[in-house]
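# Geometric and topological summary
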Amino acid sequence: MIGRPLIGVTTSRHHGWRMWSFNRLMLALAGARALRLSPGLNESVDRVDGIVVGGGDDIVPTLYGGEIDPVMRIDPQRDQLELRVLEVAAKRRLPVLGICRGAQMINVSRGGTLHHDIHTAYADLPRLRTVLPRKKVQIFAGSRLHGLLQRESCWVNALHSQSIDRLGEGLEVDSTDRWGMIQGIEARGSPFLLGVQWHPEFLVFDSRQRSLFRALTEAARGRE
């Protein structure tokens, strides 16, 4: 369909229907179509014009030199699928938006590491886990994220237990929280590669958060 690019959205096989539904809604509002990608469902990105690496499961720590914690909810097959998707996206120069786990996976795919437990890494971090925008993040001037959101700070949700530690190759930090935790990454040398630690798909009524999906859609449309 001319003018409506197809965006692949990676999700969990078992419990990703909420995130999938909200991502599909946000992409529809931005003028794009969505294709769900998960192990055993759809695994090919041959037809897509862009990628959303979605949130959900923890990433297997052995992918970045860590050790598996028994309390983690992991999906090794999804990890491998997303690593393949990101490799193909880089070769095809597809625009990519990483959400929460997706931002972390972008970092891991480029050789970066993660804090497997944010409360161990940041001792003073409050135990905030909410879908509501109750966490303030600072956005760096001059970053792509700053250009999209048009503000120096914003309120976001927090639904993660891991976070980015050492940056992967070619990535830059574009936002942090008050405790110094990385909240956003980007690669300026790519057509569009952006990752955020929060879940913008759940912030449907925030026009600035919808701009992330509009920017992805415009970048994908430019490839058609």
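Quick caveat: nothing in here was measured; it's all calculated off a predicted structure. (Residues numbered from 1 in each chain as written. Predicted model: local features only at pLDDT ≥ 70, side-chain atom pairs only at ≥ 80, totals over all residues. Heavy atoms only, no water.)

Within strand 1 (residues 6–10), five of the five residues are buried, leaving the element largely enclosed by the surrounding structure. Residues of strand 1 alternate between two faces, with L6, G8 and T10 on one and I7 and V9 on the opposite face, all of them buried. Two strands pair when backbone bridges link them, and strand 1 and strand 2 (residues 33–37) are joined in this way by five bridges, in the parallel orientation. From the neighbouring strand, G8 faces strand 2, where its bridge partner is L35. Crossover handedness for the path strand 1 to helix 1 (residues 17–30) to strand 2: right-handed. (Buried < 20%, exposed > 50% of the residue type's maximum accessible area, 1.4 Å probe, protein only. Helix = DSSP H or I, 4+ residues; strand = E, 2+ residues; numbered from the N terminus. Pairing = 2+ DSSP bridges. Right-handed = clockwise from strand over helix to strand, strands pointing away.)

Per the stated rule, a full pass over the model turns up one aromatic pair. Look at F22 and F202: their rings are 5.1 Å apart centre to centre, the planes differ by 85°, and that puts the pair in the edge-to-face class. Within this pair, whereas F22 is found in helix 1, its partner F202 is found in the loop between strand 11 (193–196) and helix 6 (207–221), the two being separated by 180 residues in sequence. Look at F22 and you get partly exposed, because its relative accessible area is 32%. A relative accessible area of 18% places F202 in the buried class. (Phe/Tyr/Trp six-rings, centres within 6.5 Å; stacked < 30°, edge-to-face > 60°.)

All right, on to the side chain of D75 then. Within the element layout of this structure, D75 appears in the loop between strand 3 (50–53) and helix 2 (76–92). In this structure the side chain of D75 is engaged in a polar contact, spanning 3.3 Å, whose partner is the side chain of R13. When residues no more than four places from it in sequence are discounted, the contact partners of D75 are R13, D57 and D58. (Polar contact = N/O pair within 3.5 Å; in protein donor to acceptor, adjacent residues only side chain to side chain. Contact = heavy atoms within 4.5 Å.)

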